[in-house]
Amino acid sequence: MKKVLTGILVLLFTGCMLVGCGGNKAADGQVELKLGHIQSESDLWQKGAEKFKEEVEKKSNGKMKVTIYPNSTLGGDRDLAEGMQMGTVDFALIAGVLGNFDKSISLLELPYLFDNHEQYDAVVNGEIGKKISENVLKSSGIRILNWWDRGPRQVTSNKPINTLDDIQGLKIRVPEIPAMVETWRAMGASPTPMAWSEVYTSLQQNVIDAQENPVPFIYGGRIQEVQKYLALTEHKYEYVTLAMSDKKWQQLTPEQQKIIQDAAQVATEYENKLVVEQTGRMLKEMEDGGLQVTKPDKAAFAAKAKAAHEAYAKTVDLELYHEILQAIGR
């Protein structure tokens, strides 16, 4: 009996060595990785993801493979975040949903927190951004590799928006992010939290009157097909994180981790450049297709929004909020 048990243990050990007991590392060193996001294959997120895949596979000489799952194939933002926590999703492009796991990042979701892209960049790519990333990692087990630019958020609607009066009672879809809900309510709108996958149909069926997003997101989601107007409110300078499951990170060797970091940096620079190059073209194409663009005076919008910031910050991290203000010279 003892010999039989010994034989079984030897077989189990041998089998483990052949298939690789460390997650998805095979005996030949192959690592299979999954990256999910909610946008379409034509979106800039997909192009950035493809650049990341290309760099990982090139730098690893093909030993690390990345498969991309666009169009919410692996689920919505919350599903992707929870998948990274469990280790079933390796990478995801996610943003505001991280506030459900660590509140400090939700301060970045406040409309009119930043007056321009330079202020936004100084915060997310500076010491404050590092502190927030550390908070998120500690709270959720999700590792922020880089912050990708998305450009400022604008409002599309079924009526022209030129003044603050035009958004009073406006049923506007916002992400499921408390900071945005509270600030839009403070500006007088009627914010309606909703998953992105439901927005197009909800606009088409007049369930909501408006939505807000960066131009590339509006373009990629074909929102111009179901909305007549776009207001250049520039109410939020937007990011998405290239995030990674820390469970997966810990399974990688130092060399593999460096490959991921280097590839993430290349992909970030590539995607950020695309946003700058493509946003104007996309806006013009939508205008040429009939979308009417207005340029409201943003001062009144910003004043109302900023008046609500501190009350929200008190529920999150008032000290960090004041650090952000100090960093941008306000």
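Residues numbered from 1 in each chain as written. Predicted model: local features only at pLDDT ≥ 70, side-chain atom pairs only at ≥ 80, totals over all residues. Heavy atoms only, no water.

K.L.:
Before we go on, may I ask you to explain the overall build of the protein chain in this structure?
P.N.:
Regarding its fold elements, the protein chain presents 13 helices and nine strands. In terms of overall dimensions, the protein chain is globule-like: its C-alpha atoms have a radius of gyration of 22 Å, near the 20 Å expected for 330 residues. With the C-alpha coordinates of the protein chain rotated into their principal frame, the extents come out at 85 × 45 × 35 Å. For the protein chain, buried positions account for 52% of its 330 residues. When contacts within the protein chain are restricted to residue pairs at least 6 apart in sequence, long-range pairs at least 24 apart make up 74% of them. Surface exposure of the protein chain reaches about 15100 Å², of which carbon and sulfur atoms provide 52%. (Helix = DSSP H or I, 4+ residues; strand = E, 2+ residues; numbered from the N terminus. Rg over C-alpha atoms; globule rule 2.2 N^0.38 Å. Buried < 20%, exposed > 50% of the residue type's maximum accessible area, 1.4 Å probe, protein only. Contact = heavy atoms within 4.5 Å. Areas by Shrake-Rupley, 256 points an atom, 1.4 Å probe, with all protein chains shown as cover.)

K.L.:
Would you explain the layout of surface pockets in this entry?
P.N.:
Over the atoms a probe the size of a water molecule is rolled, and this reveals where empty space is left. The volume enclosed by the largest pocket comes to roughly 460 Å³. In terms of lining residues, the largest pocket is bounded by 28 residues, among which Ile38, Asp77, Arg173, Pro175 and Trp196 are the most central. For the lining of the largest pocket, the secondary-structure elements that each account for two or more residues are helix H3 (77-86), strand S4 (142-157) and strand S8 (229-245). Among the elements that make up the lining of the largest pocket, the one with the highest residue count is H3 (three residues). Split by residue class, the lining of the largest pocket holds 12 nonpolar, six polar and 10 charged. (1 Å grid on protein atoms, 1.4 Å probe; cavity = no way out; pocket = protein on both sides within 12 Å on 5 of 7 lines; lining within 4 Å. Points joined across faces, edges and corners; volume = space filled by probe spheres on them. Nonpolar A, V, L, I, M, F, W, Y, C, P; charged D, E, K, R; others polar.)

K.L.:
Whenever I open this one, the packing of aromatic side chains confuses me. Can you help?
P.N.:
Per the counting criterion, the structure on display carries five aromatic pairs. With 5.1 Å between their ring centres and 70° between their planes, Phe52 and Phe91 make a pair best called edge-to-face. Of the two residues, Phe52 is situated in helix H2 (residues 44-59) and Phe91 in strand S3 (residues 91-94); the sequence distance between them amounts to 39 residues. For the pair formed by Phe52 and Phe91, the shared burial category is buried. Judged by centre distance (6.1 Å) and plane angle (70°), the rings of Phe114 and Tyr120 are edge-to-face. Across the pair, Tyr120 and Phe114 agree in class, each one buried. Its end group placed over the ring of Tyr270, Lys51 keeps NZ or CZ at 4.9 Å from the ring centre. Sitting over the face of the ring of Tyr200, Arg222 holds its NZ or CZ atom 4.9 Å from the ring centroid. (Phe/Tyr/Trp six-rings, centres within 6.5 Å; stacked < 30°, edge-to-face > 60°. Lys NZ or Arg CZ within 6 Å of the ring centre and 35° of its normal.)

Such coordinate-based values are descriptive only and should not be taken to indicate function.
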